[in-house]
Each structure stands twice: as structure tokens, then as C-alpha cells.
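A structural walkthrough
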Amino acid sequence: MAKITLDNVAHSYIANPRDETDYALRLIDNIWDDGGAYALLGPSGCGKTTLLNIISGLLTPSKGRVLYDGKDVTDLPPEKRNIAQVFQFPVLYDTMTVFDNLAFPLKNRGFNKEDIKTRVLEVAQILDLTKSLNQKAARLSADAKQKISLGRGLVRSDVAAILFDEPLTVIDPHLKWQLRCKLKEVHEQLKLTLLYVTHDQVEALTFADQVIVMYEGEIVQIGTPQELFENPSHKFVGYFIGSPGMNFIPCKIDGNKAMVNGAGIELDDTTASMANKASENLELGIRPLYLQVHAKEVENSVRASVKTIEDQGNFKIVTVHLSGHILRARLPEGKPTPSENAWLKFPKDWIRLFHNEKLLTHK
Ligand code: ADP
Ligand code: MG
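Calculation rules
Starting from 1, residues in each chain are numbered consecutively following that chain's sequence as written. Chains and ligands are labelled by the order in which they are written, letters from A for the one and numbers from 1 for the other. For a predicted model such as this one, the threshold for reporting local features is a pLDDT of at least 70, and the threshold for listing and counting side-chain atom pairs is 80 or more; totals across whole chains, interfaces and linings nevertheless cover every residue. Think of the side-chain values as coming from all heavy atoms in the structure, minus any hydrogens and water. As used in this record, nonpolar core signifies buried Ala, Val, Leu, Ile, Met, Phe, Trp, Tyr and Cys residues forming a set joined through side-chain atoms within 4.5 Å. Each residue gets one of three labels from its accessible area relative to the maximum for its type: buried under 20%, exposed over 50%, partly exposed in between, using a 1.4 Å probe on protein chains only. Contacts are residue-level and defined by heavy atoms, with any inter-residue pair within 4.5 Å sufficient. Secondary structure counts use DSSP, requiring at least four H or I residues in a row for a helix and at least two E residues in a row for a strand, with both numbered from the N terminus. Under this rule, positive means Lys or Arg and negative means Asp or Glu; His and the chain ends count for nothing. One side-chain nitrogen of Lys or Arg within 4 Å of one carboxyl oxygen of Asp or Glu is enough to make a salt bridge. Here the limits of each domain have been adopted from an automatic or database domain assignment. The term buried area means the drop in 1.4 Å probe accessible area that two parts suffer when joined, counted for both and summed. Polar contact is defined as a pair of N or O atoms within 3.5 Å, subject to the rule that within protein one atom must be able to donate a hydrogen and the other to accept it, and that residues adjacent in sequence are counted only when both atoms are side-chain atoms. Only strands that DSSP links by at least two bridges are regarded as paired with each other. With axes taken as lines fitted to C-alpha atoms, and helix axes fitted only over the stretch in contact, angles between N-to-C directions fall between 0 and 180 degrees. Stacked, edge-to-face and tilted labels apply to pairs of Phe, Tyr and Trp rings (six-membered ring for Trp) whose centres lie within 6.5 Å, assigned for plane angles under 30 degrees, over 60, and everything in between, in that order. Using a 1 Å grid laid over the protein atoms alone, points where a 1.4 Å probe fits but cannot get out form a cavity; open sets with protein on both sides within 12 Å along at least 5 of 7 lines form a pocket; any residue with an atom within 4 Å of a point counts as lining. Grid points are joined across faces, edges and corners, and a volume is the space filled by probe spheres set on the points. A molecule or strand has a residue near it when one of that residue's heavy atoms lies within 4 Å. We get accessible surface area from the Shrake-Rupley algorithm with a probe of 1.4 Å; when it comes to residues, only the shown protein chains can shield them. Residues are grouped as follows: nonpolar covers Ala, Val, Leu, Ile, Met, Phe, Trp, Tyr, Cys and Pro; charged covers Asp, Glu, Lys and Arg; every other residue, Gly included, is treated as polar.

This brings us to the nonpolar core. One finds Val120, Leu127, Ile148, Leu154, Ile162 and Phe164 to be the most contacted residues of the largest nonpolar core, which totals 47 residues. In this structure, Val120 is in contact with Phe99, Leu102, Ala103, Leu133 and Val155, ignoring residues within four places of it in sequence. If you look at the next biggest cluster of nonpolar residues, it comprises 32 residues, including Leu282, Tyr290, Val306 and Val320.

Right, let's talk about the side chain of Lys145 for a bit. Turning to its location among the elements, Lys145 is positioned in helix H4 (residues 142-154). Buried and unpaired, Lys145 has no salt bridge, with Asp94 as the nearest side chain of opposite charge at 4.1 Å. The residues touching Lys145, leaving out its near neighbours within four places in the chain, are Pro90, Leu92, Asp94, Ala137, Ala138 and Leu140.

For helix H1 (residues 48-56), the buried fraction is high: eight of the nine residues fall into the buried class. For H1, the full list of buried residues reads Lys48, Thr50, Leu51, Leu52, Asn53, Ile54, Ile55 and Ser56. Directly beyond the C-terminal end of H1, a positive phi value near 100 degrees is found at Gly57.

What the domain assignment lists for the chain is domain 1 (4-238) and domain 2 (244-359). In this structure, domain 1 and domain 2 have C-alpha centres spaced 39 Å apart. Between domain 1 and domain 2, the residue contacts involve 10 residues of the former and 13 residues of the latter. Interface area, domain 1 with domain 2, both sides summed: about 1100 Å², of which 56% is carbon and sulfur. Of the charged contacts in the structure, one is a salt bridge between Lys235 and Glu283, with a shortest N-O distance of 2.9 Å. At the boundary of domain 1 and domain 2, one finds nine residue pairs in polar contact (both at pLDDT 80 or more).

Our next topic: the sheet that holds strand S20 (residues 341-345). Taken together, the five strands give an open sheet; going across it, the order is S16-S20-S17-S18-S19, and neighbouring strands pair in antiparallel fashion. The sheet is open, and its two edges are formed by strand S16 (292-294) and strand S19 (325-332), each paired on a single side. Taking each pair of neighbouring strands and ignoring which way they run, the sheet shows an average axis angle of 45 degrees. Inspection of the sheet shows S16 paired to S20 by three bridges, in the antiparallel sense. In the sheet register, Val293 faces S20, and the bridge partner there is Leu344.

Moving on, we get to the packing of aromatic side chains. Within this structure, the stated rule accounts for 11 aromatic pairs. Considering the side-chain rings of Phe236 and Tyr239, the 6.0 Å spacing of their centres and the 80 degrees angle between planes classify their relative orientation as edge-to-face. Pair noted here: Phe236 and Tyr239 are both in helix H8 (residues 235-240), with a separation of three residues, about one helical turn. Here Phe236 falls in the buried class, since its relative accessible area comes to 5%. Among the residues examined, Tyr239 registers a relative accessible area of 44% and is labelled partly exposed. Aromatic rings pair up to connect Tyr215, Phe236, Tyr239, Phe240, Phe248 and Phe354 into one cluster.

Looking now at empty space enclosed by the protein. If a probe as big as a water molecule is rolled over the atoms, it shows which places are left empty. Following the criterion strictly, the structure yields one cavity of 30 Å³ or more and no others. Space inside the largest cavity adds up to approximately 30 Å³. The wall of the largest cavity is formed by Phe229, Glu230, Met246, Arg287, Tyr290, Trp350 and Arg352.

In this fold, Lys252 is placed in strand S12 (residues 252-254). Residue classification places Lys252 among the exposed residues on the basis of a relative accessible area of 57%. Along the primary structure Lys252 and Met274 are separated by 22 residues, whereas in three dimensions their C-alpha atoms are 13 Å apart. Residues contacting Lys252, with those up to four places away along its chain left out, are Lys257, Ala258 and Met259.

It is worth spelling out unusual backbone geometry at this point. In the segment running from Ser243 into Pro244, the intervening peptide bond is cis, with an omega of -5 degrees. Tracing the sequence through the fold places Pro244 in the loop between H8 and strand S11 (247-250). Positive phi values are uncommon outside glycine, yet Asp69 reaches one of about 45 degrees. Mapping Asp69 onto the fold places it in the loop between strand S4 (63-68) and strand S5 (71-72).

With that settled, consider the site of ligand 1. Lining the immediate environment of ligand 1, one finds Tyr13, Ala24, Pro43, Ser44, Gly45, Cys46, Gly47, Lys48, Thr49 and Thr50. Within the side chain of Tyr13, a nitrogen or oxygen atom sits 3.4 Å from a nitrogen atom of ligand 1. Computed on the free molecule, ligand 1 has an accessible area of 560 Å², of which 53% lies beneath the protein chains in the complex. Taken together, the residues of the shell around ligand 1 break down into four nonpolar, five polar and one charged.

Written out as C-alpha cells, the structure is:
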């Protein structure tokens, strides 16, 4: 196992990059601890695969260094880095049996026959492949092929880390969920460092202890799912995570109130004093889960007009207009549904303020 350090890493696919926009990775300076289960989450094109390939050695970064346990491996090829990588589409030997496919990474490294057999059977059991061990890989379904591909990543217990690049893309939803749980189990048993790339927040949040959120070639936040939900450090994290994402409304501060055009929303004293230091480009953020929507006027509420109400089973999503801004609120089952007008209440504890897209904090 290894601690992975990315020391001022940047990467451009262009020979002579001129400015920031020429970089697929802008600047990554980070340490990932040994034994963690990490998810690398971000939209398509934000640089996830580039970063993964730099860690595995398929790609040499234009700038910076990669270290495993403090040792510089920047110039080492993948096979010298002791890492397993599972790609988005299965990479298999079609003419070999499932057993031989799983055994391949071990045979290659000169493990003895007995050890290989033990380990292959163990991994086959975990992935429910025991019955197909003697079949040729070519005959199997896409799901089964990807399971073998995962198995080839998991079979080596001597690796520093296992990297997964969106490995469940071609797998059907139910099996996806099962495999994700399996991977989590394997992680708990073996305490391997796992790095799991995905653009799907549900995958990231259920799989990982720590989620690394990437946006336009940069890491914008690393945190537990709860930290990302409650205190997104950047607006992007606020709206990328959560369904629907966080609401944002431009505001100005007047005393202990955030003013949204005419409407005043009360803040607690610490939030108000932070905001007073940064008066321009301020936005108020609140999760739909915490924004209360009432059918009648209540104390400290502001009036908004209802646009749509979507029934989602055990809750409703109410979309409202507040002084020209669109907001969404999650209305729990059993609460009175507003018709034309709604009264919004912003619980002080759940109001977050953002200055130039970044969360205002006490620091
Ligand atoms: P992700 O995996 O998050 O979808 P990538 O790391 O694949 O993102 O891509 C990041 C950026 O780098 C994108 O703008 C993409 O078009 C570009 N890119 C990726 N691979 C190459 C390549 N081999 N040559 C040139 N540009 C590339
Ligand atoms: Mg990718």
C-alpha cells in the first residue's frame, strides 16, 4: 500500500501551452493517504482520466512530481509502479478462460501455482464468477466481462493502489449497485488504497470515505459526503452534488439581513459579520432540503410565487420565483402544498454565503 503525493502536478496535451486554458490539469498539489477509499468525481472532460493516468504512469505530467510513500516515481513506467488499473471498457484475453484471465497478472509476476489458485478462487467468489471459471471469456456477457476486468484489478494483493476509471459504465443498474457494495467490502477486508473515478455523484457518495471533486482541471474540494453536502467550498460543488443542487441567489448585506431585491433574509451574527467584510459578488446558498416552503405566511418568511410542483413519491419538489430568482425546495410528504403563493423560510443554520463563487468561512 502507499501514500500517494501529487507535488505541483499540471498537464497539457499541447506542446507549447500558453495560458491556463491550454492545461487539462491546472495545478494539483495533494496527498492521498494509505488505505483510503477515494472517489474522484467531476463532469466529463474535467481531467479525471488524465489525473488517473498520471498516477499510474501511463502519462508523464508536463509539470510536477508523483511520489509513492515519499519516493519519486514520476519517470517510472506503469509496470514498475506496482499499481493495478481497471479501465472503463473491459480489457481481456478473449481466447483465455476466465480463470486464466484472472490468473494472468499473477503469472506474469511469477507467483507460484498454489498461491495463484487460492487468490483466483477468492476473487472469483467475491465477484460471483466461480461457475464461469472454465468458460472462455469471449462467450460471456458485457457485464461478466467487466467483472473479470475488475477481478484482474483486485487479484493482486501486492499493489500500492487500485485505480478504477468509471468501471461500471457498461454494467446494468442493479448489478452496478451490487458491484459497488462488493468493492466497498473488498476495501474493508484488504485495506487497499482505492481510487475510483466517476461522473456519477451517487456512485461516489456511496463508495468513498473521501470524495475528491474536480472541475475544469482542478480539485475544488476533498471531503466526506456529508462535508460536501453541508459545506460545499465552491458553488460548483453545491450544484453538482445533491438532487436538485444547491440554490444560489445574489444578495446584498444590510445589518444582519441578506437582501434579495426587496426581500430580507435573516442571518445569524457570525454569518452577517463575515459577509460585511465582503460586500460585493455575494450569493446566498441553501439546499432544497433545508429551504422551508409554507402554504401560509409564517414568522420571518418571505413571499415567493409558485411555478411548478413535482411529485417525487415521498416528497415534492416545489419550484418558486423569489424577486426574479428561481429556487427549489423539498417539501416533505404530508405538509400542506402551496398553490399560487408560497412563504419561504431560510433556517439560519443552513444558510451559506458565497463570495466570488467560494464559501465564506471564519478562516
Ligand atoms: P475526464 O476523464 O474527466 O472526462 P479527461 O482527463 O479525459 O477528462 O480530459 C480532460 C481534458 O483533456 C479534456 O478537455 C479532453 O478533451 C482533453 N484530452 C484528454 N485526452 C487527450 C489527448 N490524448 N489529447 C488531447 N487532449 C486530450
Ligand atoms: Mg475519463
